[in-house]
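If you want the building blocks of each chain, they are given just below.
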Amino acid sequence: MASCHHWPVEDDDPLDEQGALDFWRFPKAFSAKRHTEKIEAFKTVAQTWRMKERMKTVSVALVLCLNVGVDPPDVVKISPCARLQCWIDPLLYNDPASPNNQKAVEAIGANLQRQYERWQPRARYKLSLDPTIDEVKKLCISLRRNAKDERVLFHYNGHGVPKPTQNGEIWVFNKNFTQYIPLSICDLQAWMGMPSIYVFDCSNAGMIVNFLKCNLLPLPYNDIENAEIPVMIGNSADETSNIDADTSNNCIQLAACAADQMLPMNPELPADLFTSCLTTPIKVALQWYVQQKTSKLVIGVTHEQADKLPGQLNDRRTMLGELNWIFTAITDTIAWNTLPRELFQKLFRQDLLVASLFRNFLLAERIMRSYNCTPVSMPKLPPTFQHPMWQAWDLALESCLSQLPRIIDDPNSFRHSTFFAEQLTAFQVWLACGSDKRSPPEQLPIVLQVLLSQVHRQRALELLGRFLDLGPWAVNLALSVGIFPYVLKLLQSSARELRPLLVFIWAKLLAVDSSCQADLVKDNGHKYFLSVLSDQYMPAEHQMMAVFVLTMIVNNYPTGQEVALQGNLIALCLEHLGDQNSLLKQWLALCLGKVWTNYDAARWCGVRNSAHEKLYPLLFDPIPEVRAASVFALGSFINNSTERDEQINNIDHGIATKLLSVLNDGSAIVRKELVVALSGLVMQFETQFAAVALQFSEDEIAREYHTVTGTTGVFSSPHELALFRGGGMKRSSSTRCLKGLLSPVGFTADAFEQTPGGSFKRIASSSSVVGSLIGGYSNVYSNVWKALQLLANDAVSSVTEPAKKLIGFVKQKVMPPLGGAARSSAIMRQRKGSAPPPVAPGSAPSSPSNRPGSFMPSKAVAMTTENADTSRPTTLKLDHSSTMPRLLNNLQHMQPRRLTSESISEKNDEILSRQLSLSTDFFLWSCRYFTESMMWRLEELDPEGPIAQERDYRYTRAARAVRLAVEERKKIKISRLDDLVCINRNIGVPSFLRFHPYEPHLIVVDKDHICVWDWEQSVKLNYFSNSNPRLTRITYSEFINAHDRPLLVTGSDDGVVRVWRNYVPEDGSRTELVTAWQALSDMLPTSKGAGLVMDWNQTSSTLYTSGDVKFIRIWDVQTELRVQDLPTHAESCITSISLDRQSSSVFIGGCGDGTVRVFDKRLPPGESVVKVFREHPTWVVKAYTLQSFPNRVASASTHGDIRLWDLRTNESLKTINAQQGLTAMEAHQHSELLACGSVQQFVAVYNHNGDSISTIKYHEGFMGQRIGQVTCLAFHPLKVKLAVGSLDQFVSVYSSQDSRKK
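Since this is a predicted model, take the numbers as computed values, not measurements. (Residues numbered from 1 in each chain as written. Predicted model: local features only at pLDDT ≥ 70, side-chain atom pairs only at ≥ 80, totals over all residues. Heavy atoms only, no water.)

Glancing now at the overall build of the protein. Regarding its fold elements, the protein presents 44 helices and 41 strands. In the protein, which comprises 1302 residues, the proportion classed as buried is 58%. Once local pairs closer than 6 in sequence are excluded, the contacts in the protein between residues at least 24 apart make up 67%. Total accessible area on the protein stands at roughly 54800 Å², and carbon and sulfur atoms take up 50% of it. (Helix = DSSP H or I, 4+ residues; strand = E, 2+ residues; numbered from the N terminus. Buried < 20%, exposed > 50% of the residue type's maximum accessible area, 1.4 Å probe, protein only. Contact = heavy atoms within 4.5 Å. Areas by Shrake-Rupley, 256 points an atom, 1.4 Å probe, with all protein chains shown as cover.)

Here it is in structure tokens:
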């Protein structure tokens, strides 16, 4: 097979290209996701976007130590020097009558409070102007008490006091302003408690941060006034490492400069530049920009004009508001692209005031670094002052300032910035080639901000949807940047044009993080999606997404179920069940199943709306996922009722009966859902199923007894009876199991009596007593039990395992542990003369019924001794009053949902209960659809894409193989066909051979294994088991999708079809079972029958199956459904099927009675046999329609006659008489060649005229060794090559000498 990684370059041929186009029209079978990936849940990762706790800064302490007019002793100021504090010049308030210029300090404090209130207007602000230690302590303790567990901010302006000390002290005043009093940071921290944030605007402020890094108090003080302050002074790394991480995160610090730096004194700047950057960033940015050399590009703008920028900060329609909006977007973007995700969440998403301060801190770093001053913080941030996004900020400033002179004259002439449109374009460019292997797009936080704008909102949502469509990693990034509250708020919008976009985005979000369901319900967001579902003009695709969102809302969330029921969700879903969109129908059924899971109110609503009856048609939908979803919904409907009455029972029994119609569904996901659905019925009616299981066991015990002993229903001793009645059902072979399950089983709990000869026989039936337990639904319970037993023998392990668990659960309730094999051997020993274990008079025999955990009565058999002489035969009598009535009494007293005996321990009972909790991953697997790219699903249809190029290479190669084979057949003249190409000894006796048409692969099938040979190199490529049950054999094999990535299909004589991928493993892959199903359920495996015979039509994706049955069944493998059953009207089996490639409706079948029958599937089943050829006297070995010879048919029988037919005539055209004992016959589809093999150890090759071409009797290279009895033959589909398999396990490939030369 071709590798998908590289393709060899070959000369192009127009004919090959034309042939490749023909292959493009062929459908690919078994290529859906249910076949190519495991049915399992999407593996989610732990989400970190949602903050564990939201926090608010509710109290703010503004402490100003200015002492206006008096410079601190350790600071020498220049002249002129920066004077502005909160944009106020203190000298303007110079009042000799006011000590310490109190009016100036009060004005500065009031302005600082107003500046903070822009960012957090609801906080409680307290001013402390030139305070003492006691005033600071009282202020901090009061704020912490009121804030409780919320954050408190402490803003310290120390421009009028000395610099902080190395011992961690800042300075305040005494009452008379005659001394500077040190205030310990440890004391301050104790009064403030945690969580808290500190802003230090003073020279050497970094010294405080450094001190706190090593001396953070380890606990948030609740009892502030009584807390003892430990002395914690130290700067070692060991002490730093011992600080609790949560403690450091709850104590945030912002400092104006490093520990060895002074604040800038430039008179053109405010003295409190750091505070101004934090509280009035736009004003500072404008002033700073005007001072830069680059501002000369903006002509005519002065400092005074920059201060008069029109507008309001919170009005994005104005110049000032738009500039603030751009600033927020840029600083968010810088932080998100620079900071670790967890730190970004804590600083920029947890607290609104903290987020604002840190955004403005990024600006402070940029501006103050230009004056050789480096702001510091804890937690420490990486440098951001040179981030490229600052250039975008400068461009936005320049754009605004360039309009300023004109706007002052004409306010209506303002033109909005193109910043957001440009950033969306940059984001769109990234999306054009983005993937999870590239760095995330820088513009993602800007997209979040654009959602606030009606002008750009639709485009932003479109791009956001495309980004989320890249995969779960993109969804996690969007959630981490904070997109969730924005898209949640947009659900309040009534704009119809946004509906498809929002539905798509929410489908993506909920597919990755289902916890968003609570937020949707809390904000009534579910109503938005209900309105989308009820909108008749909304496309089905968008309605499907809305249904998915509603399904996730009700999934395992009772509150969501309640609001959905109130919103009439069930009726809305039922209205759309007739839609043609398969995905919509699938999710409608899944939504219904989830809404009434463990919710009786929704179930009763479904009953009133006849929901179960409206779901029935979906059981026969052509899409397997829709059928599985309907089974899921009906199973949930059964398994959630806590209160039972006759109406509920009738409905559940009707649903169960309807569910059995998908028992033989071709899709494994449907059958697996069926097992889980039926488990709900078993849970609801445990008592009745226990009685049915017991009756089935009794009948199998009797059959087993007859098989082991050869008797006709008579037990020779009570010990035999006890052994058989005590044992469970024996695990039988596939043959016996199928035969027993398909035969009618009577439901009788037979009693036994002693015959005059001392034996026991079945006499009376207590079916009327058991019937009182089962009620009037015995057929329902018995049919369900039979179905579960069939499912327990399914060919797919994911179906078998839960079915076996369910059957074992019921059996362990009522069956003792003694197995059938031990029971049989014990009886055979007894019948050979061994005595049973001694039994004391009046006591029960030693049997499994005496063991704990069994429902069998402890005195099932009573023994009476009429004579003490042990030589006389003992009179034995079954105590009917003790046996069946007591057992039935136990069943009658079983709890509806806890079926266990008193002797079973609680631990074992819990184990059994857990085993019955069956579920599948089908729902979660269905959710994976929304985690994968939905917009790029058509990538494989892109003619320039890698997938299309790879397929085109394979199709061109296949077309080239066809062309070369045609040319070869035209050039050569076939005179002989006995030139040995290769010979290999197979591991088993070959029973079936098949050439791959385009690869040098030869499939050799033995009893239950498949061997793959490279016949050109004579190398074995693989050997694997077909996983057949014991006593079954493979009878057919074929390639599917041979032109593409081929699959191997096999059929065995138990009626099971299996499909394998990687039959030749490549790149470390393993041979895997794609799917399997019971193509024919009525076959009885035998060693002499035809087994399962098939033929495959790639064009229509149909599989024709028959064999040891009296009909031909046609399967559509795309829908995995049975299409037709055509009766053969023959008294024998079908031995071969061959399709007429010219007419897709006509095919022939060879029969075991010697007839060759022509079928037309277009006719009614009773009239489908349009012609019968009856010239063969015995079993037809093979019958072929010859593809290159229209209306021509070749057939052969074991009698040795090979006949050529024309479908338009009633008699054979030609008869070739070979020797009797033919075992195999093959006809080449494109050459006039017929080959037959015989038990006489030869292979004869003829042309259509009956002339002998070759006779092969001996192997070459083995000293003339005679070939073994021929078991199978195969012609290459294109080339003139013949494969021969024989009883001596050799497989040979022969060619004509002319073709070998070519």
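Here we take up helix H13 (residues 341-348). With respect to burial, H13 is a largely interior element, six of its eight residues being buried. The set of residues buried in H13 consists of Leu343, Phe344, Gln345, Lys346, Leu347 and Phe348.

The next subject is the confidence of the model for the protein. Parts of the model with low pLDDT should not have their predicted coordinates read in detail. For the protein, mean pLDDT is 81; residues scoring 70 or higher make up 78% of the total. Considering only residues more than four positions removed or in separate chains, one finds that residues 721-773, a stretch of pLDDT under 50, has 143 contacts. Scored below 50 in pLDDT, residues 826-888 makes 106 contacts in the model with residues more than four places away or belonging to other chains. (pLDDT = per-residue confidence, 0-100.)

Further remarks concern the pattern of salt bridges. As enumerated under the stated definition, the model contains 35 salt bridges in all. The shortest N-O distance in the salt bridge between Glu1120 and Arg34 comes to 2.6 Å. With Glu1120 in the loop between strand S25 (1111-1116) and strand S26 (1121-1127) and Arg34 in helix H2 (residues 33-36), the pair connects residues that are 1086 residues apart, well separated along the chain. The two residues Glu1120 and Arg34 agree in class, both being buried. Note that Arg963 is salt-bridged to Glu967, the shortest N-O span being 3.3 Å. Taken together, the positions of Arg963 and Glu967, both in helix H43 (residues 946-971) and four residues apart, correspond to about one turn of that helix. (Salt bridge = Lys/Arg side-chain N within 4 Å of Asp/Glu carboxyl O.)

In this section: the sheet that holds strand S6 (residues 196-201). Spatially, six strands are ordered S2-S1-S3-S6-S7-S8 in an open sheet, and the strand pairing comes out mixed. In the strand order of this sheet, the two ends are held by strand S2 (124-129) and strand S8 (376-378), each with one partner. With strand direction ignored, the average angle separating the axes of adjacent strands in the sheet is 10°. Against the sheet, helix H14 (residues 352-369) contacts strand S1 (57-64), strand S3 (151-157), S6, strand S7 (251-255) and S8, and its axis sits at roughly 30° relative to S7. (Pairing = 2+ DSSP bridges. Axes fitted to C-alpha atoms, helices over the stretch in contact; angles between N-to-C directions.)

All right, on to the sheet that holds strand S20 (residues 1047-1052) then. Reading across the sheet, the four strands line up as S19-S20-S21-S22 and stay open at both edges, with antiparallel pairing between neighbours. The open sheet has two edge strands with one neighbour each: strand S19 (1034-1040) and strand S22 (1072-1078). Mean inter-strand twist for the sheet, computed between neighbouring axes without regard to direction, equals 20°. Bridge count between S19 and S20: six bridges; the pairing is antiparallel. In the strand pairing of S20, Tyr1036 is matched with Gly1051.

Time to look at the pairing of strand S35 (residues 1222-1227). For S35, the tally of buried residues reaches five of six residues, placing the bulk of the element in the interior. Sheet analysis places S35 next to strand S36 (residues 1234-1238), joined by five bridges and oriented antiparallel. Its bridge partner being in S36, Glu1226 is matched across the sheet by Ala1235.

Here we take up helix H38 (residues 797-814). Compared with the 26 Å implied by 1.5 Å per residue over 18 residues, the 26 Å span of H38 between its first and last C-alpha is a close match. By the burial criterion, the buried members of H38 are Val799, Thr800, Pro802, Ala803, Leu806, Ile807, Gly808, Phe809, Val810, Lys813 and Val814. (Expected span 1.5 Å × (residues − 1).)

Below, the discussion takes up the side chain of Asp1288. Here Asp1288 is to be found in the loop between strand S40 (1281-1286) and strand S41 (1290-1295). For the buried Asp1288, no salt bridge is present, and the opposite-charge side chain at shortest range is Arg985, 6.1 Å distant. Of the polar contacts made by the side chain of Asp1288, one reaches the backbone nitrogen of Gly1268; its length is 3.2 Å. A distance of 3.2 Å separates a polar side-chain atom of Asp1288 from the backbone nitrogen of Phe1290. (Lys, Arg positive; Asp, Glu negative; His and termini not counted. Polar contact = N/O pair within 3.5 Å; in protein donor to acceptor, adjacent residues only side chain to side chain.)

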